[in-house]
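Summary of the model geometry
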Amino acid sequence: MNGPGDDIVRRRMNISSYDAPRLSTFRKAMTKFMAITDNRGYNHMAGNHGVPDWYCWHGQSSRRFPFLRTHAFLPWHRAYLKVFEDHLLDHDSNISLPWWDATSPLSHREGIPKAYKEPTADGTQNPLYKFHIPSQDADTKRNPRRPRQLPANSSVKALYDISDFGEFSTALQEVHDSVHVWCGGSMSTQAYSAYDPVFWAHHCNIDRIWAIWQTKHGNNLPEGLPEMDLEPFPYRVKNVLKIYDLGYEYAAGGSEVKF
Ligand SMILES: [Cu+2]
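Right, let's walk through the structure included here. Note that the structure is a prediction, hence the values are computed from the model and not measured.

Side note on the overall build of the protein chain
Each helix and strand counted, the protein chain has eight helices and six strands in total. Order of helices (α) and strands (β) in the protein chain, N terminus to C terminus: β-α-α-α-α-α-β-β-β-β-α-α-α-β. Looking at the protein chain as a whole, 53% of its 259 residues are labelled buried. As presented, the protein chain carries roughly 12200 Å² of accessible surface, and 49% of it is formed by carbon and sulfur atoms.

Section: the coordination of the copper ion
Coordination of the copper ion by the protein comes from His-176 (NE2), His-180 (NE2) and His-203 (NE2), over a distance range of 1.9 to 2.2 Å. Each donor residue of the copper ion lies on one chain, and together they are spaced H-x3-H-x22-H. Here His-203 lies in helix H8 (residues 198-217) and His-180 lies in helix H7 (residues 165-183), a separation of 23 residues in the sequence. Just as His-180 is buried, His-203 falls in that class too.

A look at helix H3 (residues 73-89)
End to end, H3 covers 24 Å across 17 residues, agreeing with the expected 24 Å (1.5 Å per residue, within 8%). Summarising burial for H3: 17 of the 17 residues are buried, a large majority.

Quick notes on the nonpolar core
Ranked by size, the top nonpolar core spans 77 residues in total, and within it Met-30, Tyr-42, Trp-100, Tyr-116 and Phe-168 carry the most contacts. Of all elements in the fold, only helix H1 (20-35), helix H2 (42-47), H3, helix H5 (114-117), H7, H8 and strand E6 (248-250) reach the threshold of two or more residues within this core. Leaving out residues up to four positions away in the same chain, Tyr-116 has contacts with Ile-15, Phe-26, Pro-98, Asn-126, Leu-128, Tyr-129, Arg-142, Pro-197, Val-198 and Ala-201.

What about the packing of H3 against H8?
Taken N-terminus to C-terminus, the directions of H3 and H8 make an angle of 125°; their axes are 10 Å apart at the nearest point. Relative to H8, the element H3 lies oblique. Of the two possible hands of crossing, H3 and H8 adopt the one that is left-handed. On H8, the residues that touch Phe-73, Leu-74, Pro-75, His-77, Arg-78, Tyr-80, Leu-81 and Phe-84 of H3 are Phe-199, Trp-200, His-203, Cys-204, Ile-206, Asp-207, Trp-210, Ala-211 and Gln-214. Here the residues of the contact of H3 with H8 are counted per class, giving 12 nonpolar, three polar and two charged.

A few points about the packing of H3 against H7
H7 packs onto H3 with a crossing angle of 60° between their chain directions and a minimal axis gap of 9 Å. In this structure, H3 uses Phe-73, Leu-74 and Pro-75 to contact H7, whose residues at the interface are Phe-165, Phe-168, Ser-169, Leu-172, Gln-173 and His-176. Within the contact of H3 with H7, the residues separate by chemical class into six nonpolar, three polar and no charged.

Observations concerning unusual backbone geometry
A cis amide bond links Val-51 with the next residue in sequence, Pro-52, at an omega value of 0°. Structurally, the position occupied by Pro-52 is in the loop between H2 and H3. Note that the residue after Glu-231, namely Pro-232, is joined by a cis bond; omega there is 10°. Relative to the assigned elements, Pro-232 resides in the loop between H8 and E6. Of note in this structure, Asp-122 is not a glycine but carries a positive phi near 50°. Mapped onto the secondary structure, Asp-122 falls in the loop between strand E2 (120-121) and strand E3 (124-125). Non-glycine residue Asp-137 carries a positive phi angle of around 45°. On the secondary structure map, Asp-137 appears in the loop between strand E4 (132-133) and strand E5 (138-139). Asp-137 gets classed as exposed once you look at its relative accessible area, which sits at 60%.

Quick look at the environment of His-217
Looking at the secondary structure, you find His-217 in helix H8. Under the relative-accessibility criterion, His-217 is labelled partly exposed at 23%. Considered as a pair, His-217 and Asp-161 are 56 residues apart in the sequence and their alpha carbons are 9.1 Å apart. In contact with His-217, other than residues within four places in its own chain, are Tyr-160, Asp-161, Ile-162 and Ser-163. Separated by 2.7 Å, the side chain of His-217 and the backbone oxygen of Tyr-160 make a polar contact.

Describing H1
Relative to the 22 Å expected for 16 residues at 1.5 Å per residue, H1 spans 23 Å between its end C-alpha atoms, a close match to the ideal helical length. The inward-facing, buried residues of H1 contact H2, H3, H5 and E2. Residue Asp-19 occupies the N-cap position of H1, its side-chain oxygen lying 3.0 Å from the main-chain nitrogen of Arg-22.

Cut-offs applied
Residues numbered from 1 in each chain as written. Predicted model: local features only at pLDDT ≥ 70, side-chain atom pairs only at ≥ 80, totals over all residues. Heavy atoms only, no water. Helix = DSSP H or I, 4+ residues; strand = E, 2+ residues; numbered from the N terminus. Buried < 20%, exposed > 50% of the residue type's maximum accessible area, 1.4 Å probe, protein only. Areas by Shrake-Rupley, 256 points an atom, 1.4 Å probe, with all protein chains shown as cover. Donors = N, O, S within 2.8 Å, 3.2 Å for Na, K, Ca; no water. Expected span 1.5 Å × (residues − 1). Core = buried A, V, L, I, M, F, W, Y, C linked by side-chain atoms within 4.5 Å. Contact = heavy atoms within 4.5 Å. Axes fitted to C-alpha atoms, helices over the stretch in contact; angles between N-to-C directions. Parallel < 35°, antiparallel > 145°, perpendicular 65-115°, else oblique. Left-handed = near helix turned anticlockwise from the far one by under 90°. Nonpolar A, V, L, I, M, F, W, Y, C, P; charged D, E, K, R; others polar. Polar contact = N/O pair within 3.5 Å; in protein donor to acceptor, adjacent residues only side chain to side chain.

Here it is, written out as structure tokens:
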């Protein structure tokens, strides 16, 4: 977790605001990350979610934490993104995870961001277009619906009026689910969604929405939740509540929400 650049706060940006050099730098790092076959590589990280590790609870209940687990959706994915980003940074310490706002006017015109849709880029395979899953010997697949069928921006704006964390988390998860379903293919399954490169941009946006919500409503979490381990990551819920402490922040401007 320690490396050069840890003393700076990394700024995550909207993928649609990336200029050509920034996009090309991000793609190069992703290509290298995807080539790593040990537990520091993309394939291993993607495998934490569904096949083969199944750590993501995605709202399912368990005997030990029937209530709390459903509330770990946001903190678990925040830890997941953070560890993923740390491993990605091994390949270029000047980058950060981009987010995809599926509710933006642009997304309602073009659907999946152009940066993720082009099969080739810079004269080579575009690492954001698909990933070859070694255990399946198959590429990730998408089957997106019409851009206009993505969730409306108003569905996200309404979330900022919810003051209860659990209610907010459940409502945000529903908006999040609808984007997974909209993408179709690998993204629509818990087993394989994290192998699709667009998963990380989608989840980055979900994390951003939570961060914006936190600035308004703080961290009034259900009892017991702050102490919960976010396995397999080296964090408890209480360790991921402040994104600034995790070393990143979200650029403004991609957000259409103003307070
Ligand atoms: Cu998800």
